[in-house]
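Below are the chains, spelled out letter by letter.
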Amino acid sequence: MTTEQMQPSRGWLTAAVNAVRPLAPRWGPVVVLVAGLVAAGVLLVESARQLWFFGDDWDFLLNRGTVPGADLGLLFPHNEHWSTIPILLFRAVFAVAGLRQYLPYALPVIGAHLGVTALMYLLLVRFGTARWVAVAVSLFLAFLGAGAENTLWDFQIGMVGSIFFGLLALWLYDQHEQVGWRLSLVWVAMVLALMCSGGGLVMLVAVCVYAAARRGLVRAAVVASVPLAVYGLWYLGWGRLAAHLPVSSPWDYLLVPQYVWTGLTYAWERNSGIPGSGAVILVVLIGAALMVRSAPAKLRHLAWAGLAGALAQLLLSGVTRISLGVEQATAPRYVYIVSVLMAPALALVLQAVADRLTGPRWVPVCLVVALAALVVVNGVRLTHDFLTTRRAMVVSMPDLVLSAAAIVRQGGHVLTPALEPIYNPNITAPLLASPQIQGALPHGSPSGQGLLSAAAHIQVGVNAAVMAVPKAATVTLVSGFVGASTGGSGCHAYGATIAAPVIDLPATPTGSQIRITGATTSVTTVLHRGSLTSAPVSWRVTPGSPVFVGTSAPNASLQIALDHGGIVTLCTR
């Protein structure tokens, strides 16, 4: 091909480059943001594949309409939260996926989190933030590993949903704040936020602070009117029935300021990965929101709204959760909320720094991109840390639930209805016996270890009253007792020489029980069957009162450890 023949193609290429070049400053950040959202989504989906249901999930899975007769309804509160939308989501996914996979339940919270990130980008850009700064802040949120509990735990769709609808209300308000009838869109978004969780109240505070900063207190009152009226009706009808954590003393409420400070500083220390940096970062962010005057007014007002929302969240949590201790403020769910709501203040700081950098335009862009890369790496690391910890908690749960359901289905004698009271307090043998749950369980057969572990919960009993299993013919005094190593029939008093004496009920085809009287305050039981051993289960008992301890698990011995020495009376026949 001659030089003359190549000229037209070069001309087209030059024209294409010239046509695209003006778009690069506008679309380059969007391309980076979309790529970041896709990468964050892939990370979260692959992580969620390795998890299973946990804790509060089981209230929605078992007590909200999936099992006839166990339906608390759509409006009855979960703890203090109005959770209608999450309950509807769980019902819909259960109808399609049952309990066979966790991922379908995690997809809504992952999608809502990515939606929060996208909305934050749109708000920051609309309110005057440079696009690359908005991208950096948004990528920080997309890979918010310090708040991974809200991005990987399906139950947190309530809290993340409230934040999503709250940010949507902010965006809608800014779009249509001067057109009266369109205010109804803001009201709808805020009511949806309230129907997701108590976080809707926090987002209502943020929206009202923004409205007050933009248009005055009267406009803020108008914005709050309809959502508060709807929430008030729900509270009078159902919300007041919520269970509340009791406080040991009214003086505990004096710890709420410390709770708030701990939550705010820990969030930024965790995000930065630098020990002791939380207070410094917090002061910088608050100072930027209050003192930076060069930023657009809307961005400053958005930062004020976010600060008010973060403060409201920790005040609300502090008042309702202070009985759990000040350290409860460091929960990853609160780190997530604080990080999202204070993201506009972070954008203010980055924008101020970028505006003061001299030199070519690409210098601040490169610095912002480098900062975003560091944040992403730290977020991925923290997400992996959370995944590792949560996976260790739930790795045995599918086999445990499947095994408990098999025991119930095969007519096993249940002594204690609750399967696992620490992480899954709502799983009970009667609910597992329902056809709806039996048909929704994962496919496959339970393992021998799973059957023994499930039996250690539902086929072991520690009760003040005699149980419907045979009395033990004999017991073995394993360790810590004075005298003979084997107790005979009837009642015998033994002296325990150590703080944790151990008794063993031999294996029988139908199980057995023994009555124990002593100074012990707790009993720890372990089942043995062949070469298999269950994890220990602890039970609280009343010192000095007789307690019946036994098992209905066939061909399994029960080892019983007491937590106190002294005189122990054992009664068999």
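Numbers given to residues run from 1 along each chain, matching the order in which its sequence is written. Per-residue local features are limited, in this predicted model, to residues with pLDDT of at least 70; the limit for side-chain atom pairs, both in listing and counting, is 80 or more; totals at the level of whole chains, interfaces and linings are taken over all residues. To obtain the side-chain values, all non-hydrogen atoms of the structure were included, while hydrogens and water were left out.

K.L.:
I'd like to hear about the overall build of the chain, residue by residue, with values.
P.N.:
A run of H or I in DSSP becomes a helix once it reaches four residues, and a run of E becomes a strand once it reaches two; helices and strands are each numbered from the N terminus. Each helix and strand in the chain was counted, giving 21 helices and 14 strands. Principal-axis analysis of the C-alpha atoms gives the chain an extent of 105 × 70 × 45 Å. Partly exposed residues are those whose accessible area sits between 20% and 50% of the maximum for their type, while under 20% is buried and over 50% is exposed, using a 1.4 Å probe and protein chains only. Sorting the 573 residues of the chain into buried and exposed places 51% on the buried side. Relative to all contacts within the chain whose residues are 6 or more apart in sequence, the contacts with residues 24 or more apart total 79%. Total accessible area computed for the chain in this model is approximately 24700 Å², and 67% of it derives from carbon and sulfur atoms. Averaging the positions of the 31 positive and the 20 negative side-chain charges in the chain gives two centres separated by 8 Å. Should any heavy atoms of two residues lie within 4.5 Å, those residues are counted as being in contact. The protein chains shown are the only cover counted for residues, whose accessible areas, like all others here, come from Shrake-Rupley with a 1.4 Å probe. Charge assignment in this entry is limited to Lys and Arg as positive and Asp and Glu as negative, and neither His nor the chain termini are counted. One atom stands in for each charge, and that atom is NZ of Lys, CZ of Arg, CG of Asp or CD of Glu.

K.L.:
Explain helix α10 (residues 199–215) residue by residue, including any values.
P.N.:
To estimate how far a helix should reach, multiply one less than its number of residues by 1.5 Å. Look at α10: 24 Å from first C-alpha to last across 17 residues, which is about the 24 Å you get at 1.5 Å a residue. All of the buried residues in α10 are G199, G200, V202, M203, L204, A206, V207, C208, Y210 and A211. The first or second residue beyond α10 is G216, which carries a positive phi of 100°.

K.L.:
Describe helix α16 (residues 343–356), and please don't skip the residues or the numbers.
P.N.:
Residues spaced three or four apart along an α-helix point in a common direction, a consequence of the helix completing one turn every 3.6 residues. When the terminal C-alpha atoms of α16 are compared, their 20 Å separation across 14 residues agrees well with the 20 Å that a helix rising 1.5 Å per residue should span. Listing the buried residues of α16 in full gives A343, P344, A345, L346, A347, L348, V349, L350, Q351, A352 and A354.

K.L.:
Break down the state of the cysteines for me, with residues and values.
P.N.:
Only a pair of cysteine sulfur atoms within 2.5 Å counts as a disulfide in this structure description. The full count for this structure, using the stated rule, is 1 disulfide. Bridging C491 to C571, the disulfide has an S-S length of 2.1 Å. For the disulfide bridge between C491 and C571, the dihedral angle about the S-S bond is near 115°, and by the sign convention the bridge is right-handed. One end of the pair, C491, is in strand β6 (residues 491–496); the other, C571, is in strand β14 (residues 566–571), and 80 residues separate them in sequence. Between C196, a free cysteine, and C208, which holds the nearest cysteine sulfur, the sulfur-to-sulfur gap is 17 Å. Of the residues examined, C196 reaches a relative accessible area of 3% and is grouped as buried. Take C208: its relative accessible area is 14%, and that puts it in the buried class.

K.L.:
Give me the packing of helix α6 (residues 131–142) against α16: which residues, what numbers.
P.N.:
Each pair of packed helices gets described by two things: the angle between the helix axes and the distance between those axes. Convention adopted: a line fitted to C-alpha atoms gives each axis, helices being fitted over their contacting stretch, and angles between N-to-C directions are expressed from 0 to 180 degrees. At their nearest, the axes of α6 and α16 sit 9 Å apart, and the two run at 140° to each other. As the angle between them shows, α6 and α16 are arranged oblique. Once α6 is placed against α16, the crossing between them reads as right-handed. For the pair α6 and α16, contact is made by V133, V137, F140 and L141 and by A343, L346, A347, L350 and Q351, respectively. Classifying every residue of the contact of α6 with α16 gives 8 nonpolar, 1 polar and no charged. Roughly parallel covers angles under 35 degrees, roughly antiparallel covers those over 145, roughly perpendicular covers 65 to 115, and oblique covers all other angles. Here a crossing is called left-handed whenever its near helix is offset anticlockwise from the far helix by less than a right angle, and right-handed whenever the offset is clockwise. The nonpolar class holds Ala, Val, Leu, Ile, Met, Phe, Trp, Tyr, Cys and Pro. Asp, Glu, Lys and Arg form the charged class, and all remaining residues, Gly among them, are polar.

K.L.:
Please set out the packing of aromatic side chains residue by residue, giving values where relevant.
P.N.:
Note on aromatic contacts: the rings of Phe and Tyr and the six-membered ring of Trp form a pair at centre separations within 6.5 Å, being stacked when their planes are under 30 degrees apart, edge-to-face when over 60 apart, and tilted otherwise. Under the criterion given, the structure shown has 18 aromatic pairs. Relative to Y494, the ring of F481 has its centre 6.2 Å away and its plane inclined at 75°; by these criteria the two rings are edge-to-face. Of the two residues, F481 sits in the loop between β4 (475–479) and β5 (486–487) while Y494 sits in strand β6, which places them 13 residues apart along the sequence. F481 gets classed as buried once you look at its relative accessible area, which sits at 14%. A connected cluster of aromatic rings, assembled from ring pairs, spans W52, F53, F54, W58, F60, F90, Y102, Y105, W153 and F155. Only when the NZ of Lys or the CZ of Arg is both within 6 Å of the ring centre and within 35 degrees of the ring normal is a charge said to sit over the ring. If you follow R390 out to its NZ or CZ, it ends over the ring of F54, 3.8 Å from the centre. For R390, the ring lying beneath its charged end belongs to W153, and the centroid distance is 5.0 Å.

K.L.:
So what about the pattern of salt bridges? Which residues, and what values?
P.N.:
What makes a salt bridge here is a side-chain nitrogen of Lys or Arg within 4 Å of a carboxyl oxygen of Asp or Glu, nothing more. For the structure on display, the rule yields 9 salt bridges. Of the charged contacts, one joins R91 and D71 as a salt bridge, the two residues approaching to 3.2 Å between their closest N and O atoms. A residue pair is termed long-range when its members are at least 10 positions apart, and R91 in helix α4 (residues 84–97) and D71 in the loop between α3 (57–62) and α4 qualify at 20 residues. By relative accessible area, D71 is classed as partly exposed at 41%. The partner of D174 in a salt bridge is R126, with the nearest N and O atoms 4.0 Å apart. Remark: R126 occurs in helix α5 (residues 103–126) and D174 occurs in helix α8 (residues 157–176); sequence separation between them is 48 residues. With relative accessibility at 7%, the residue D174 sits in the buried group. A single salt-bridge network, built from bridges that share partners, covers R126, D174 and K298.

K.L.:
Explain the sheet that holds β6 to me, and be specific about the residues and the numbers.
P.N.:
Pairing between strands is defined by DSSP: at least two bridges between the two strands are required. Spatial ordering of the open sheet is given by β3-β12-β8-β14-β6, a layout of 5 strands whose pairing is antiparallel. One side of each edge strand has no neighbouring strand; the edge strands of this open sheet are β3 (460–463) and β6. Along the sheet, successive strands turn relative to each other by an average axial angle of 25°, direction set aside. Bridge count for strand β8 (residues 512–517) against strand β12 (residues 547–551) is 5 bridges, and the pairing is antiparallel.

K.L.:
Go over the pairing of strand β13 (residues 557–562) with me, naming the residues and quoting the values.
P.N.:
Bridge count for strand β7 (residues 502–505) against β13 is 4 bridges, and the pairing is antiparallel. Looking across to β13, one finds that L505 is bridged to L558.

K.L.:
So what's going on with a nonpolar patch on the surface? Which residues, and what values?
P.N.:
A patch consists of residues whose relative accessible area exceeds 30% and which take part in no salt bridge; residues with like charges are grouped when within 9 Å of each other, and nonpolar side chains (Val, Leu, Ile, Met, Phe, Trp, Tyr) when within 5 Å. The grouping of V34, V38 and V42 at the surface amounts to a nonpolar patch, some 250 Å² of accessible area in total. For V42, a relative accessible area of 48% corresponds to the partly exposed category.

K.L.:
So what about the environment of G200? Which residues, and what values?
P.N.:
Within the fold, G200 resides in helix α10. A residue is classified by how much of its surface remains accessible, and G200, at 0% relative accessible area, is buried. Remark: the alpha-carbon pair of G200 and Q449, spanning 249 residues in sequence, is separated by 43 Å. When neighbours within four sequence positions are excluded, G200 is seen to be in contact with S162, M190, A193 and L194.

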